[in-house]
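# What the coordinates show
Residue-level listing of the chains:
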Amino acid sequence: MLSLKNISKRYKNGSSQVTILNNISLEVEAGEFVSIMGPSGSGKSTLLNIIGMLDQPSDGFHYFLDEPVHQLKEKQRSALYKKNIGFVFQAYHLIDELNVYENIETPLLYHDVKSSERKALVADMLDRFQIVGKKDLFPSQLSGGQQQLVGIARALIVKPKLLLADEPTGNLNSKQGEEIMQLFSKLNKEEGMTIIQVTHSEKNAAYGTRIINLLDGTIASSQQI
Ligand code: ADP
Ligand code: ADP
């Protein structure tokens, strides 16, 4: 499903260059549930953003669903993203001007889904995440945990082939966090959804099928679990 070959990411810092990712190669098969771990600053979010086509590598080859992402134009990347990827952002990235209902509905507008079906799908998400009572509120009126749930609902509503999640339970209480991990595990096992998450939690990582450890922008280890 995903193949990264010799991916590097560098930033200019004045006259010097900082290397964030150094020659990363990684294959992820459909049906895997990968947890990316590693110390702060090791490049986890940068790697996830590149996989999600939200950031571009300085060099290397990136294939997703057999498409050569490194050769695609912005518009084609965006279309590939919208069709196949759900992204749960660490900082939520909800649209401030839209209410909870509309935020969750947004990805459906890029798919060919009828209005009546959109309503049913959003209602199902509101129900599943127990946020029906919040549907008319705006992001600024929600707690961090509630915003995180809305972000997860929005990522899942199109049943993405690939779900990317950056610390998806970082702002949830432990019970909610466990429920989300159980949901991810179920989507992975029962619906074959491919998942890649960034997490600091050993417990969350253990829900997956493989753990990758990043260190200073390189893959220090990768083990099946
Ligand atoms: P992690 O998710 O493992 O904490 P990140 O991928 O967020 O790591 O960041 C890795 C390093 O890259 C950090 O040192 C961060 O400061 C740096 N970094 C991230 N984005 C930029 C940027 N736009 N310009 C310069 N440095 C950046
Ligand atoms: P359209 O066809 O223009 O999308 P609909 O006939 O579907 O409009 O009208 C219902 C619309 O109301 C929903 O699609 C949704 O965008 C919007 N809506 C906004 N906020 C809410 C809310 N809190 N509860 C229900 N519907 C909402």
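Residues numbered from 1 in each chain as written. Chains lettered and ligands numbered in written order. Predicted model: local features only at pLDDT ≥ 70, side-chain atom pairs only at ≥ 80, totals over all residues. Heavy atoms only, no water.

Our next topic: the packing of helix H5 (residues 144-156) against helix H6 (residues 174-191). Packed helix pairs are specified by the crossing angle of their axes together with the interaxial distance, meaning the distance between the axes. Axis separation between H5 and H6 bottoms out at 12 Å; the angle between their running directions is 10°. The angle between H5 and H6 falls in the class roughly parallel. Taking contact as the criterion, the partners of Leu149, Ile152 and Leu156 in H5 are, on H6, Gln176, Ile180, Leu183, Phe184 and Leu187. Tallied by class, residues from the contact of H5 with H6 come to 7 nonpolar, 1 polar and no charged. (Axes fitted to C-alpha atoms, helices over the stretch in contact; angles between N-to-C directions. Helix = DSSP H or I, 4+ residues; strand = E, 2+ residues; numbered from the N terminus. Parallel < 35°, antiparallel > 145°, perpendicular 65-115°, else oblique. Contact = heavy atoms within 4.5 Å. Nonpolar A, V, L, I, M, F, W, Y, C, P; charged D, E, K, R; others polar.)

A positive phi angle, near 65°, is found at Met53, a position not held by glycine. Here Met53 shows up in the loop between helix H1 (44-51) and strand S4 (59-64).

Before going further, it helps to examine the sheet that holds strand S7 (residues 162-166). Read from one edge of the open sheet, 6 strands run S6-S7-S8-S3-S9-S10, paired in mixed fashion. Two strands close off the open sheet at either side, each with one partner strand: strand S6 (85-88) and strand S10 (218-224). Neighbour-to-neighbour, the strand axes of the sheet open up by a mean angle of 15°, direction not taken into account. Against the sheet, H1 engages strand S3 (33-37), S6, S7, strand S8 (194-198) and strand S9 (210-215), with an angle of about 155° to S7. Packing against the sheet, helix H2 (residues 74-84) makes contact with S6 and S7, and its axis sits at approximately 80° to S6. (Pairing = 2+ DSSP bridges.)

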